[in-house]
Amino acid sequence: MRPNGTLLITGGLGFLGSWTVEEAVRRGYRVIVVDALTYAANPDNLRELRAGFIAPTVRHIWSPVRYEGERGIPLLRPSDSDRFEPSDDVRSTVEKFLDSDLDVLTLLSSVEDYDLMKLLMEYVDGVIHLAAETHVDRSIEDAWDFVRAEILGFYSSIDAFRRVKGTSGKFVLVSTDEVLGEIMEGAADESAPLMPRNPYAAAKASQEHFAQSYMNTYGTPITIVRPTNAYGPRQHPEKFVPKIILNALSDEPIPVYGDGRQRRVWIYAEDVAVGIMDVYERGNPHEIYHIGSDDEMENLELVRRILAMLGKPESLIKFVEDRPGHDRRYALRWERMRALGWSPKTPMDEGLRRTINYYRERYADGSSIRR
Ligand SMILES: NC(=O)c1ccc[n+]([C@@H]2O[C@H](COP(=O)([O-])OP(=O)(O)OC[C@H]3O[C@@H](n4cnc5c(N)ncnc54)[C@H](O)[C@@H]3O)[C@@H](O)[C@H]2O)c1
């Protein structure tokens, strides 16, 4: 038995999920990950931890797990060096894991599998829910996957938690600043109304509505965190910062939406993970916490900064048609996190340097960028 007990982290093979798993293990938790291994997941993200994988053993309600990357992203198949253990008996696998010296057990399944989620709730002390579809552009093309992952997936997770744990334990929902919509002046505190303006944000806001209703109706001990825009190693190459870095490294045009003057607040992924774990450990149930920073800048400024760090010319910037409904600005007040003793620690230049190094090392061979 670990001093800090067992945590269920959904979406743990993704970007922020993997940073959160790592931070939880560092703090002495043992972690069960449930991840559907979508295109955005990468088992490499957890490879440095002593982790066990088991194959999809349970129903995938909406779609089969896809093991292969698309659009030039490297293969995502767990390698032979992982302890890859097909099993159709999740209970005995979980019990074996809890008897072992492994830090992490990864179950390749959708959180939509309600029976699986109920079974896992018997073994964990708390849940951090990050599983989601996360690329706004994709949600504008077609939001079905977002409705499934965010709404059905979250419902399955929170209802399994309520039925098994009642009002004991802790459940942290990782939401986003985007649920508040555009903030043109000043910054929004945790009481601001939900005003989602794109399908991704609407799906995330739906999670918050369910969470609020469960707190009110059943007293479920849920805490909501809303991080601002995160960047750092392990983010999927379709996202803005990796795209800037990878395109610049291979001297390809860097697409910038509209006039590039949309403003975002940036925060390094590790700082977000520390904030999520601080909220898990010290946050109040039924409270919302904004995980923000003071690094606000226009998208164009961010591109210029990265180009300068890489010694690449600004002529690589290519303005492209803006995406529909593109929010001009997000900005959060985060005094509540400060009161909890948290603040971001990584200066932007340092965070960008680490991020650039990660993508440079990982994709040094240009061919692997666009396989
Ligand atoms: N990255 C950011 O800047 C940011 C900012 C604020 C909030 N968030 C929130 O943080 C969470 C994680 O974001 P991210 O950027 O790490 O995302 P990501 O796309 O990198 O990872 C998402 C992970 O969830 C998994 N997943 C998707 N659907 C699933 C399902 N049905 N069942 C189980 N697993 C599933 C994917 O396989 C992937 O591993 C999301 O909830 C997102 O809304 C992210």
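It should be noted that the structure appears before, not after, this text.
The shown structure was predicted, so the numbers you read here are calculated from the model rather than taken from an experiment. Residue indices begin from 1 for each chain and proceed along its sequence in written order. In keeping with the model being predicted, local features are shown solely for residues with a pLDDT of at least 70 and side-chain atom pairs are shown and tallied solely at 80 or more, while totals for entire chains, interfaces and linings include all residues. Hydrogens are left out, water is left out, and the side-chain values use all remaining heavy atoms of the structure.

### Re the overall build of the chain
Inference 1: Only DSSP runs of H or I with at least four residues qualify as helices, and only runs of E with at least two residues qualify as strands; both kinds are numbered from the N terminus onward. When you go through the chain residue by residue, the secondary structure sums to twelve helices and 14 strands.
Inference 2: Between buried and exposed lies partly exposed: a residue is buried under 20% and exposed over 50% of the maximum accessible area for its type, with that area taken using a 1.4 Å probe on protein chains only. Burial analysis of the chain (371 residues in total) assigns 56% to the buried set.
Inference 3: We call two residues in contact when some of their heavy atoms are within 4.5 Å. When contacts within the chain are restricted to residue pairs at least 6 apart in sequence, long-range pairs at least 24 apart make up 83% of them.
Inference 4: Accessible areas in this description were obtained via Shrake-Rupley with a 1.4 Å probe; residue shielding takes into account the shown protein chains only. Looking at the chain as shown, the accessible area adds up to about 15400 Å², and 49% of this sits on carbon and sulfur atoms.

### A short note on the sheet that holds strand 13 (residues 296-298)
Inference 1: The strand order across the open sheet built from three strands is 9-11-13, with neighbouring strands paired in mixed fashion. Both outer strands of the open sheet, strand 9 (229-231) and strand 13, are each paired with one neighbouring strand and no more. Averaged over all adjacent pairs, the angle separating strand axes in this sheet is 50 degrees, with direction ignored.
Inference 2: Any two strands between which DSSP finds at least two bridges are classified as paired. When strand 11 (residues 263-268) meets strand 13, the two strands line up antiparallel, connected through three bridges. Paired with Arg263 across the two strands is Glu298, which belongs to strand 13. Axes here refer to lines fitted to C-alpha atoms; in helices the fit is confined to the stretch in contact. Angles between the N-to-C directions go from 0 to 180 degrees.

### Considering the site of the ligand
Inference 1: Around the ligand, a shell composed of 31 residues is seen, among which Leu16, Asp35, Thr134, Tyr200 and Lys204 lie nearest.
Inference 2: Polar contact criterion, stated in full: a pair of N or O atoms within 3.5 Å, where within protein one must be able to donate a hydrogen and the other to accept it, and residues adjacent in sequence count only if both atoms are side-chain atoms. A distance of 2.6 Å is found between an oxygen atom of the ligand and a side-chain nitrogen or oxygen belonging to Asp35.
Inference 3: Surface burial for the ligand is 95%, taken as the share of its 840 Å² of free accessible area covered by protein chains.
Inference 4: We call Asp, Glu, Lys and Arg charged. Ala, Val, Leu, Ile, Met, Phe, Trp, Tyr, Cys and Pro are nonpolar, and the rest, Gly among them, are polar. Across the shell around the ligand, the residue classes tally to 17 nonpolar, eleven polar and three charged. We call a residue near a molecule or strand as soon as one heavy atom of that residue lies within 4 Å of the molecule or strand.

### Details of the packing of aromatic side chains
Inference 1: Note on aromatic pairs: the rings of Phe, Tyr and Trp (six-membered ring only in Trp) are paired at centre separations within 6.5 Å, and the planes decide the class, stacked below 30 degrees, edge-to-face beyond 60, tilted for the rest. Under the defined criterion, the tally for this structure stands at twelve aromatic pairs.
Inference 2: Look at Phe154 and Phe171: their rings are 5.9 Å apart centre to centre, the planes differ by 75 degrees, and that puts the pair in the edge-to-face class. Residue Phe154 is located in helix 5 (residues 144-165), and its partner Phe171 is located in strand 7 (residues 170-174); the two are separated by 17 residues in the primary sequence.
Inference 3: Aromatic side chains Tyr358 and Tyr359 sit 4.8 Å apart centroid to centroid with 85 degrees between the ring planes, which places their arrangement in the edge-to-face category.
Inference 4: Residue Tyr359 is classed as buried on the basis of its relative accessible area of 0%.
Inference 5: By the ring-pair criterion, three or more aromatic residues cluster together here, those being Trp19, Tyr231, Trp266 and Tyr268.
Inference 6: Placement of a charge over a ring requires the Lys NZ or Arg CZ to be within 6 Å of the ring centre, with the centre-to-atom vector within 35 degrees of the ring normal. It is Arg162 that lies over the ring of Tyr218; its NZ or CZ is 3.8 Å from the centre.

### Things to note about the packing of helix 1 (residues 15-26) against helix 8 (residues 269-282)
Packed helices, taken two at a time, are described by the angle between their axes plus the distance between the axes.
Inference 1: Interhelical geometry of helix 1 versus helix 8 gives an angle of 60 degrees and a closest axis separation of 8 Å. Judged on the interaxial angle alone, helix 8 and helix 1 are oblique. The two elements helix 1 and helix 8 cross, and the hand of that crossing is right-handed. Here Phe15, Leu16, Trp19, Thr20, Glu23 and Ala24 of helix 1 lie close against helix 8, whose contacting residues are Ala269, Glu270, Val272, Ala273, Val274, Ile276 and Met277.
Inference 2: Per-class residue counts for the contact of helix 1 with helix 8 are ten nonpolar, one polar and two charged. Angles below 35 degrees are treated as roughly parallel, those above 145 as roughly antiparallel, those between 65 and 115 as roughly perpendicular, and all remaining angles as oblique. The sense of a crossing depends on the near helix, which, turned anticlockwise from the far helix by less than a right angle, makes the crossing left-handed and, turned clockwise, makes it right-handed.

### Digging into the nonpolar core
A general feature of soluble globular proteins is that nonpolar side chains tend to end up buried together.
Inference 1: By size, the foremost hydrophobic cluster in this structure holds 61 residues, and its most contacted members are Val31, Ile128, Leu302 and Ile306.
Inference 2: Residue contributions to this core peak at seven residues, all from helix 8.
Inference 3: When neighbours within four sequence positions are excluded, Ile306 is seen to be in contact with Val241, Ile244, Ile245, Leu352 and Ile356.
Inference 4: Nonpolar core, defined: a set of buried Ala, Val, Leu, Ile, Met, Phe, Trp, Tyr and Cys residues in which side-chain atoms within 4.5 Å join the residues together. By size, the runner-up hydrophobic cluster in this structure holds 31 residues, among which are Val111, Leu116, Ala160 and Tyr214.

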